[in-house]
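Topology and contacts: notes
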Amino acid sequence: MGERTVAVLAGGLSAEREVSLRSGRRLAAELRDVGAVVYEWDADATLLDRLRTERPEAVVVALHGGEGENGSVQAVLEMLGVPFVGADSRACRLAWDKPTAKAELARAGLATPDWVVLPHATFRELGARAVLDAMVSRLGLPLMVKPDQGGSALGTQVVRAAEDLPAAMVDCLAYGNAVLAERYIAGTEVAISVCADPEPRALPVVEVCAKGGVYDYTARYTPGATTFHCPARLDERVRRAAEQVALDAHRLLGMRDLSRTDAIVTEDGTVHVLEVSVSPGLTETSLLPAAAAAAGEHLGQLFSGLIDEAIRRG
């Protein structure tokens with residue numbers, strides 16, 4: 001990579017700040033290993049001045065949640081003409097809004113669990129009990145309840161009994177203004193990372209086995225709380241199908257450079273897309289680094305190729 005000067009943006013003010021800082025530190029170390037000069041910058045009030053006065057050749061956005069994934073930081077980088085790794089602001093906005101992204105994927109024929117999305121005001125104005133009864137009538141039980149925006153499974157939980165729904169809604173709405181309720185799909189949980197350097201290719205499928213049964217925030221970021229198998233313990237035909245689904249989702253949502261598709265594979269081999277991340281985690285328990293390692297790829301080398309591509313785009 002030579003003496004490329006790269007700024008890694010991490011931190012920010014979202015609920016995922018600490019995870020982002022861990023991702024940023026790891027990525028910065030990996031890039032230094034391959035010869036890059038790396039700045040580690042927070043996404044705060046000093047950022048624009050730094051981009052102007054210490055302008056790097058490229059930026060890698062290692063922010064999770066909030067402005068780092070909803071397209072806001074990307075829009076600022078676009079305005080300043082700074083090359084950056086990852087999806088552009090439009091694609092970030094699309095993927096960030098989970099119901100909109102699911103509708104786009106479903107329209108294209110990809111399987112995704114049936115869902116309803118309701119803002120907080122609906123429960124207040126129409127009566128929470130009546131709305132929840134209608135939700136259960138439509139989707140059945142169990143349900144997967146999550147905020148309509150956000151990452152790291154914050155506010156996400158499985159609800160198996162109707163009496164547990166009100167508390168789940170309160171927890172969920174602590175992280176957003178609307179609830180996305182999905183029909184629960186039983187099966188093997190997998191994550192498929194896509195890297196485009198420049199053509200999109202799928203990294204090995206990672207199988208996720210959370211010891212508590214749900215791959216929530218604690219299971220994601222507590223060492224030992226989840227067992228990973230990479231490549232996933234799936235039939236070769238099903239693995240190939242999962243890779244193709246991730247590639248299709250990457251293209252349909254306008255992703256660029258990298259993405260991670262989270263999915264459930266049912267017994268019949270159907271791959272049900274849950275969501276697509278524009279800024280996959282890079283911590284010691286994250287899925288993209290595990291997939292890269294299984295493919296025999298050094299994380300720093302992988303990102304150095306993406307940085308070169310971002311600079312070529314200008």
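To be clear, the structure that these remarks concern was listed above.
Quick caveat, the model's predicted, so the values are computed rather than measured.

A few points about the sheet that holds strand β4 (residues 84-85)
Overall, parallel pairing links the four strands, which are arranged β2-β1-β3-β4 in an open sheet. Only two strands of the sheet have a single neighbouring strand rather than two, namely β2 (37-41) and β4. Pairing of strand β3 (residues 58-61) with β4, which is carried by two bridges, proceeds in the parallel orientation. Residue pairing for β4: Val59 is matched across the bridge by Phe84.

Digging into the state of the cysteines
Covalently bonding the sulfur atom of one cysteine to the sulfur atom of another cysteine gives a disulfide. One pass over the full model with this rule turns up zero disulfides. Not engaged in a disulfide, the cysteine Cys195 finds its nearest cysteine sulfur in Cys230; these two sulfurs lie 14 Å apart. Distance from the sulfur of Cys230, which forms no disulfide, to the nearest cysteine sulfur (Cys209) is 12 Å.

Side note on the pattern of salt bridges
Opposite charge on two side chains permits them to pair, given that their charged atoms come into close proximity. Counting across every chain of the model gives 23 salt bridges. For Arg17, the salt bridge identified is with Asp42, shortest N-O distance 2.9 Å. Of the two residues, Arg17 is situated in helix α1 (residues 17-33) and Asp42 in the loop between β2 and α2 (47-53); the sequence distance between them amounts to 25 residues. Exposure remark for Arg17: the relative accessible area of 27% places this residue in the partly exposed category. Arg240 is paired through a salt bridge with Glu243; the nearest N and O atoms lie 3.3 Å apart. Taken together, the positions of Arg240 and Glu243, both in helix α10 (residues 236-252) and three residues apart, correspond to about one turn of that helix.

Here's the deal with helix α3 (residues 72-80)
Turning to α3, its buried residues are Val73, Gln74 and Leu77. Across the axial projection of α3, the buried residues extend over an arc of 100 degrees, all falling on one side. For α3, the secondary structure elements touched by its buried residues are β1 (5-9), α2, β3, β4 and α4 (89-96). Once α3 ends, the next one or two residues include Gly81, with phi positive near 70 degrees.

Topic: the pairing of strand β9 (residues 188-196)
Extensive coverage of β9 is indicated by the burial of seven of its nine residues. For β9 and strand β13 (residues 258-265), the ladder comprises eight bridges, and the chain directions are antiparallel. Counted as the bridge partner of Val194 is Ser259 from β13. In terms of strand pairing, β9 meets strand β11 (residues 206-210) through three bridges, oriented antiparallel. Bridge assignment links Val190 to a residue of β11, and that residue is Glu207. Sheet topology places β9 next to strand β10 (residues 200-202); three bridges connect them, and they run antiparallel. Considered in β10, the bridge of Val194 is made with Ala202. With antiparallel pairing between neighbouring strands as the criterion, β9 and β10 make up a hairpin whose turn holds three residues.

Definitions and limits used
- Here the residue numbers are simple positions, counted from 1 along each chain's written sequence.
- Selection of residues for local features in this predicted model requires a pLDDT of at least 70, selection of side-chain atom pairs for listing and counting requires 80 or more, and totals for whole chains, interfaces and linings are taken over all residues.
- To get the side-chain values, take all heavy atoms of the structure and skip hydrogens and water.
- Only strands that DSSP links by at least two bridges are regarded as paired with each other.
- Each helix is a run of H or I in the DSSP string that is no shorter than four residues. Each strand is a run of E no shorter than two, and both are numbered from the N terminus.
- Any two cysteine sulfur atoms lying within 2.5 Å of each other are counted as a disulfide.
- Basic side-chain nitrogens of Lys or Arg form a salt bridge, by our definition, when they fall within 4 Å of a carboxyl oxygen of Asp or Glu.
- Classification of residues uses two cut-offs on accessible area relative to the type maximum, computed with a 1.4 Å probe and protein chains only: under 20% is buried, over 50% is exposed, and between them is partly exposed.
- Directions are taken from the helix axis to each C-beta atom, and the arc is the one they span.
- In what follows, a contact means two residues having at least one pair of non-hydrogen atoms within 4.5 Å.

Nothing here speaks to function; it is all geometry.
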